[in-house]
Amino acid sequence: MNPSLIYHVTSSLDGYIARPDGRLDWFDSLRQADEEYNFQYFYSGIDALLMGRVTYEALLQRGGPWPYPGKPCVVLTRLALPRAADEIQLTHCTPAQAVAALNEAGFQRIWLVGGSLLAGNCYTAGLIDEVVINLVPHLLGAGVPLLATGMERSLTLSEQRRFNSGTLQVHYQVQKQASAVMQIPTTRISAA
């Protein structure tokens, strides 16, 4: 069975996941009870996490205890960074290699925590199976986009929720691209 890579992210209504300087203060308040319950339900169904270096460093800068306890977390980085918890593995490999290694270790539901560049690379490589976006009723005007890179692809809505805060959660399945069958044109010879 192939693992599911789930990009679960919070976004402003205009498609940004952070301010231009990376700050998250625009949604960094305590979740309301219904949102917290929903997040805990999601988190309990996740086997492992995949994270980019910038997101990991932002979490380190915030200080405090590691916010994602009890789950293995692979951080893709070339830098020698401190480990915030025992369950964190800092490694340099491609996203596809990281997902394959997690699958080989028996993890089936992997949360792609972020950030934008890693999510864009995973999306372009066809690794993302589900996209869950918490749309916060806030317009940033500029910032870090939901996906730094990507390509056109259709999504199928599987679920939607409205929270008491006005946040909307939309859950999509990514439609896998069928291998394109290339037709070889036949040469026409005209008789003269």
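Further up the page is the structure itself.
Residues numbered from 1 in each chain as written. Predicted model: local features only at pLDDT ≥ 70, side-chain atom pairs only at ≥ 80, totals over all residues. Heavy atoms only, no water.

In the structure shown here, the tally under the stated rule is six salt bridges. Salt-bridge contacts for Asp25 lead to Arg19; the nearest nitrogen and oxygen are separated by 2.7 Å. On the accessibility criterion, Asp25 (42% relative accessible area) is partly exposed. Residues joined in a network through salt bridges with shared partners are Arg19, Asp21, Arg23 and Asp25. (Salt bridge = Lys/Arg side-chain N within 4 Å of Asp/Glu carboxyl O. Buried < 20%, exposed > 50% of the residue type's maximum accessible area, 1.4 Å probe, protein only.)

Attention now goes to the environment of Leu5. Here Leu5 shows up in strand β1 (residues 4-12). Through-space distance from the C-alpha of Leu5 to that of Asp129 is 5.4 Å; in sequence the pair is 124 residues apart. The contacts of Leu5, once residues within four sequence positions are left out, are Leu50, Val99, Ile110, Leu112, Cys122, Leu127, Ile128, Asp129 and Glu130. (Helix = DSSP H or I, 4+ residues; strand = E, 2+ residues; numbered from the N terminus. Contact = heavy atoms within 4.5 Å.)

This part takes up helix α3 (residues 95-104). What α3 keeps buried is the set Pro95, Ala98, Val99 and Leu102. The arc that holds every buried residue of α3, seen down its axis, measures 95°, which confines them to one face. Looking at the buried side of α3, the elements it contacts are β1, β3 (48-52), β4 (73-76), β6 (109-114) and α4 (116-124). One or two positions beyond α3, positive phi appears at Gly106, with a value near 100°. (Arc of directions from axis to C-beta.)

Next up on the list: the nonpolar core. The biggest cluster of nonpolar side chains holds 24 residues, and the ones touching the most others in it are Leu5, Tyr7, Leu50, Leu112, Cys122 and Ile128. Looking at which element gives the most residues to this core, the answer is α4, with four residues. Sequence-distant contacts of Cys122, that is, excluding residues within four places in its chain, are made with Leu5, Leu50, Pro95, Leu112, Leu127 and Ile128. Counting 19 residues, the second-largest nonpolar core is a separate cluster that includes Leu49, Tyr56, Tyr68 and Ile88. (Core = buried A, V, L, I, M, F, W, Y, C linked by side-chain atoms within 4.5 Å.)

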